[in-house]
Amino acid sequence: MTNIDEAPLVSVIMPLYNSARHVKESIESVQAQTFGSWEICVTDDCSTDCSCDIVAAIAEKDPRIKLFKQSANLGAASARNISLENSKGRFIAFLDADDLWAPEKLERQIAFMEQGGYGFSCASYEVIDEDDKPLGKSVTMPIKSDLDGFLMNNYLQTVGIMADLYRIDKDLLRMPDISREDAGAWIQVLEAGYSCYGLPEILCYYRRTEGSLSSNKFKAAMGVWQLYRKVAGLRFPKACYCFARYVRLALWKRTYK
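The rules behind the values
Residues numbered from 1 in each chain as written. Predicted model: local features only at pLDDT ≥ 70, side-chain atom pairs only at ≥ 80, totals over all residues. Heavy atoms only, no water. Helix = DSSP H or I, 4+ residues; strand = E, 2+ residues; numbered from the N terminus. Buried < 20%, exposed > 50% of the residue type's maximum accessible area, 1.4 Å probe, protein only. Contact = heavy atoms within 4.5 Å. Areas by Shrake-Rupley, 256 points an atom, 1.4 Å probe, with all protein chains shown as cover. Arc of directions from axis to C-beta.

1. Examining the overall build of the protein chain
No. 1: Helix and strand counts for the protein chain stand at eight helices and 10 strands.
No. 2: A buried classification covers 52% of the 257 residues belonging to the protein chain.
No. 3: For the protein chain, long-range pairs separated by at least 24 residues make up 79% of all intrachain contacts whose partners lie at least 6 apart in sequence.
No. 4: Carbon and sulfur atoms form 51% of the exposed surface of the protein chain, whose accessible area is close to 11,500 Å².

This is the structure:
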């Protein structure tokens, strides 16, 4: 267990919307970390279930968990940005309210980044279903991804992302108001000249749930096209090429459905 007094603070950014079934387990995966110097900044996006009550009850017992609330349902980008604005840590990590981390995730990823002098990294992940059952697919991050590499492969997954604010401007992590807001933020970081370094060890569990954006093929595809054209500013021919690569990768990913 890392000595909290000597360790840098990690701010975990978590948007919350109608995640009553899984949010407690997601938070517990942070509480179980071998690295103890963390805070979770949760922003509720006007949930209509008991998600907010669940987080509030946990926060009463653990002051490292901070709960914020949006006054209107503005989406995940706005919720993440509010959490980011209220964060205090040197390291920023992202965890959605239905995803999970292995107990060693923070400790190993921070060591990986500090030893390599990296400002931006992504840990490898496995895909699970709503009942925590592995779906037979895992994604191992490339050793290094630049902007072109990301646009061609689109491997980066929010659950594995971590940034070191000693090396990266916090504003680059602010998410644009688009359907693929997380990928939009990673493009901002990569366009600023940073690379994303991949940690090959599987330390994260990405949950595929019914009704999620990623489970809706048409919305996901339109979001990616918007990402290429409006955020990355790709010319039409290159956007088409990257989109074709995305479709090929998406078809491979769908085999666990």
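2. A look at helix H3 (residues 76-85)
No. 1: Every buried residue of H3 is accounted for by Ala77, Ala79, Arg80, Asn81, Ser83 and Leu84.
No. 2: On its buried face, H3 is in contact with strand E1 (10-16), strand E2 (38-44), strand E4 (91-94) and helix H6 (181-191).

3. What to know about helix H1 (residues 23-31)
No. 1: Of all the residues in H1, the buried ones are Val23, Ser26, Ile27, Ser29 and Val30. Mapping the buried residues of H1 onto a view down its axis gives an arc of 150°, with all of them on the same face.
No. 2: Looking at the buried positions of H1, the neighbouring elements they touch are E1, E2, helix H2 (51-61), strand E3 (65-69) and strand E5 (100-101).

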